[in-house]
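# Fold and contact review
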Amino acid sequence: MMNLTLIDDHDVKQAFASYLWQKRKSAKLSRQALSDISGVPAPTIKKFETTGEISLRQFLKLWLSLDDLKRLYNLTKPNMDKPAPRSIDEVLNERF
């Protein structure tokens with residue numbers, strides 16, 4: 001049985017906002033403290049945490065302040081341990 005998950009851009013933005021909110025909280029940083037570290041205005045951080053909306057430049061500044069930017073960068077690299085699927089059937093049958 002295959003689990004089908006439909007994820008849209010809103011889901012991804014909210015996931016990133018939630019992740020960075022959790023990182024900020026675990027670092028015991030207020031929005032203002034994170035603003036001072038990252039250079040992203042505190043109201044922008046609040047908007048991002050509540051709506052997921054932020055510019056890419058500001059998102060990267062926040063990520064760099066709370067996590068390793070290399071982890072995010074590595075998401076753009078193909079997984080060499082796992083071959084790319086050769087057909088839609090392989091994707092649908094989870095044989096990749």
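Note: the structure precedes this text.
Let me sum up the structure you'll find in this document.

Reading guide: rules and limits
Note on numbering: residues in each chain are counted from 1, in written sequence order. Given that this is a predicted model, residues contribute local features only at a pLDDT of at least 70 and side-chain atom pairs are listed and counted only at 80 or more, while totals for whole chains, interfaces and linings are drawn from all residues. By convention in this description, side-chain values take in all heavy atoms of the structure and omit both hydrogens and water. Patches draw on residues past 30% relative accessible area with no salt bridge. Two like charges within 9 Å are joined, as are two nonpolar side chains (Val, Leu, Ile, Met, Phe, Trp, Tyr) within 5 Å. Per-residue and other accessible areas were derived by the Shrake-Rupley procedure at a 1.4 Å probe size, with only the shown protein chains allowed to occlude residues. The salt bridge definition used is simple: a Lys or Arg side-chain nitrogen within 4 Å of an Asp or Glu carboxyl oxygen. Numbered from the N terminus, helices here are DSSP runs of H or I no shorter than four residues, and strands are runs of E no shorter than two. Relative accessibility decides the category of a residue: with a 1.4 Å probe and only protein chains considered, values under 20% of the type maximum give buried, values over 50% give exposed, and everything between is partly exposed. Here, nonpolar core refers to any group of buried Ala, Val, Leu, Ile, Met, Phe, Trp, Tyr and Cys residues whose side-chain atoms link them within 4.5 Å. Any two residues whose heavy atoms approach within 4.5 Å at even a single point are treated as in contact.

## What to know about a nonpolar patch on the surface
On the surface, a cluster of nonpolar side chains totalling about 360 Å² of accessible area is made up of Leu 56, Leu 60, Leu 64 and Leu 69. Of all the elements, helix α4 (residues 56–66) adds the most residues to the nonpolar patch, at 3 residues. When you line up the elements, Leu 56 lands in helix α4. Residue classification places Leu 56 among the exposed positions, given a relative accessible area of 60%.

## Here we look at the pattern of salt bridges
Going through the model one piece at a time under the given rule, you end up with 4 salt bridges. Among the ionic pairs, Lys 13 bridges to Glu 53, the shortest N-O distance being 2.5 Å. Placement of Lys 13 in helix α1 (residues 9–26) and of Glu 53 in the loop between α3 (42–51) and α4 is noted, with a sequence separation of 40 residues between them. You can call Glu 53 partly exposed: its relative accessible area is 37%. Of the charged contacts, one joins Glu 49 and Arg 31 as a salt bridge, the two residues approaching to 2.8 Å between their closest N and O atoms. In this pair, Glu 49 is assigned in helix α3 and Arg 31 in helix α2 (residues 31–38), connecting sequence segments 18 residues apart. Overall, the relative accessible area of 14% leaves Glu 49 in the buried class. Salt bridges here are not isolated pairs; linked through shared partners, they connect Arg 24, Arg 31 and Glu 49.

## So, the nonpolar core
Within the largest apolar cluster, 12 residues are counted, these being Ala 17, Leu 20, Leu 29, Leu 34, Val 40, Ile 45, Phe 48, Phe 59, Leu 62, Trp 63, Leu 66 and Leu 72. At the level of elements, α1, α3 and α4 are the ones that each hand at least two residues to this core. A per-element tally of this core places α4 first, with 4 residues. Each residue touching Leu 66, except ones within four places of it in the same chain, is listed here: Leu 20, Lys 23, Arg 24, Leu 29 and Leu 34.

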